[in-house]
Amino acid sequence: MSPRAAELKFISAHSFPLITGSVLAAIAIIALTLVLLLLVDATLFRRPQTWRFARPLVLVGGISVAVVSIAHQVVSSIETHNFVASADHSSHAVEQALTGATPDVIVAYLDLVAGLALAVGMITVMVNAQRVGLLPRWMSMLGIVTGLLLFFPFGGAQLQIVPAFWLVMIGVLFAGRWPTEPPAWVTGESRPWPTAAERRAKASGGEANNGVGSTPVPAPPARLPPLASAGGKPGTST
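Reading guide: rules and limits
- Residues numbered from 1 in each chain as written.
- Predicted model: local features only at pLDDT ≥ 70, side-chain atom pairs only at ≥ 80, totals over all residues.
- Heavy atoms only, no water.
- Salt bridge = Lys/Arg side-chain N within 4 Å of Asp/Glu carboxyl O.
- Buried < 20%, exposed > 50% of the residue type's maximum accessible area, 1.4 Å probe, protein only.
- Core = buried A, V, L, I, M, F, W, Y, C linked by side-chain atoms within 4.5 Å.
- Helix = DSSP H or I, 4+ residues; strand = E, 2+ residues; numbered from the N terminus.
- Contact = heavy atoms within 4.5 Å.
- pLDDT = per-residue confidence, 0-100.
- Arc of directions from axis to C-beta.
- Expected span 1.5 Å × (residues − 1).
- Phe/Tyr/Trp six-rings, centres within 6.5 Å; stacked < 30°, edge-to-face > 60°.
- Patch = residues over 30% accessible without salt bridge, like charges linked within 9 Å, V, L, I, M, F, W, Y side chains within 5 Å.
- Areas by Shrake-Rupley, 256 points an atom, 1.4 Å probe, with all protein chains shown as cover.
- 1 Å grid on protein atoms, 1.4 Å probe; cavity = no way out; pocket = protein on both sides within 12 Å on 5 of 7 lines; lining within 4 Å.
- Points joined across faces, edges and corners; volume = space filled by probe spheres on them.

## With respect to the pattern of salt bridges
And step 1. What the rule picks out here adds up to 4 salt bridges.
And step 2. We note a salt bridge from Glu 7 to Arg 4, for which the minimum N-O separation is 3.1 Å.
And step 3. A residue is classified by how much of its surface remains accessible, and Glu 7, at 36% relative accessible area, is partly exposed.
And step 4. In this structure, Arg 55 and Asp 41 form a salt bridge, with 2.9 Å as the shortest nitrogen-oxygen distance.

## Considering the nonpolar core
And step 1. Core analysis: the biggest nonpolar cluster contains 34 residues, and Leu 36, Leu 39, Val 125, Met 126, Leu 135, Met 139 and Trp 166 have the highest contact counts within it.
And step 2. Here the element with the most residues in this core is helix H2 (residues 15-46); it accounts for 10 residues.
And step 3. Leaving out residues up to four positions away in the same chain, Leu 39 has contacts with Val 125, Met 126, Leu 134, Leu 135, Trp 166, Phe 174 and Trp 185.

## Some remarks on the side chain of Thr 124
And step 1. Among the structural elements, Thr 124 can be located in helix H5 (residues 102-131).
And step 2. Look at Thr 124 and you get buried, because its relative accessible area is 15%.
And step 3. With near-sequence residues (within four places) excluded, Thr 124 lies in contact with Trp 51 and Ala 54.

## Overview of the confidence of the model for the chain
And step 1. Overall, the prediction assigns the chain a mean pLDDT of 83, with 82% of residues at 70 or greater.
And step 2. Within the chain, the lowest mean pLDDT, 66, falls on helix H9 (residues 196-211), and the highest, 94, falls on H2.
And step 3. Considering only residues more than four positions removed or in separate chains, one finds that residues 213-217, a stretch of pLDDT under 50, has 0 contacts.
And step 4. Across residues 227-238 the pLDDT falls below 50, and counting only partners more than four positions away or on other chains, this stretch makes 10 contacts in the model.

## Some thoughts on helix H4 (residues 91-100)
And step 1. Within the span of H4, buried status applies to Ala 93, Val 94 and Ala 97. Projected onto a plane normal to the axis of H4, the buried residues spread over an arc of 105° and lie on a single side. In H4, those exposed residues whose orientation departs by more than 90 degrees from the buried face are His 92 and Thr 99.
And step 2. Contacts from the buried residues of H4 go to helix H1 (5-13), helix H3 (54-85) and H5.

## Focus on helix H6 (residues 137-151)
And step 1. Taking 1.5 Å as the rise per residue, H6 with 15 residues should run 21 Å; its terminal C-alpha atoms sit 22 Å apart, in good agreement.
And step 2. Of the residues making up H6, those classed as buried are Met 139, Ser 140, Leu 142, Gly 143, Ile 144, Thr 146, Gly 147 and Leu 149.

## Here's the deal with the packing of aromatic side chains
And step 1. Per the counting criterion, the structure on display carries 3 aromatic pairs.
And step 2. Plain terms: the ring middles of Trp 138 and Trp 178 are 5.9 Å apart, the flat faces sit at 20° to each other, and that makes the pair stacked. With Trp 138 in helix H6 and Trp 178 in the loop between helix H7 (161-174) and helix H8 (183-187), this pair connects stretches of sequence that are 40 residues apart.
And step 3. With a relative accessible area of 12%, Trp 178 lands in the buried category.

## Considering a nonpolar patch on the surface
And step 1. The grouping of Ile 30, Leu 34, Leu 59, Val 60, Ile 63 and Val 67 at the surface amounts to a nonpolar patch, some 510 Å² of accessible area in total.
And step 2. When contributions to the nonpolar patch are tallied by element, the ones reaching two or more residues are H2 and H3.
And step 3. The element that contributes the greatest number of residues to the nonpolar patch is H3, accounting for 4 residues.
And step 4. For Ile 30, a relative accessible area of 35% puts it in the partly exposed group.

## Here we look at empty space enclosed by the protein
And step 1. Within this structure, the stated rule accounts for 1 cavity of 30 Å³ or more.
And step 2. Taken as a whole, the largest cavity spans an internal volume of roughly 50 Å³.
And step 3. What lines the largest cavity is Val 40, Thr 43, Leu 44, Thr 50, Trp 51, Arg 52, Ala 54, Thr 124, Val 125 and Asn 128.
And step 4. Counting only elements with at least two residues in the lining of the largest cavity, the list comes to H2 and H5.

Right, dumping it as structure tokens:
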């Protein structure tokens, strides 16, 4: 008997809670997809030359990831149930139930392709949304990290707080509660965020303008009349 047989028995016994968790994860992915689609449309409105393939990547990738997350858990529950019901609990049977079955292989490949499409689409959306001024730079960078975490689930549950935090901040921005709302949302035009060099130049220019007129310019000395001569006639030297 394989030592991992207890793991498969646990999965089989808790199939319903695990499937419910995958449904909640799918709902979160759909919410993320809707947010990205809104950002894509807003970016295209302000910059029509934006790469248009980002929208189908986000749409197809997001829906596929949501469906595959549920399908993966359903297939896992079926395979582990068949394993528990069988008499073969060897290591080969465990590997076959976890990753070796044909449905598992199909779901794994679909998950890979769907995750890659969603990650590429999200990263593209973040770059273009920041380029037109819809997102602050740190929000764009955090969104890129979120896209990478969707494709490379490294770090375990500890790093899952990053996508959750990003979604909350996007909700604050959409609700109009951002401390300084990006001008691109208000004007409907592309308003790129100034670079660090531009901010420094603007700050130095403001300081220079503030300094004009701060130092008083001394008035020219008054001209004295010419010395009077001994005879009382002005302008005659003595």
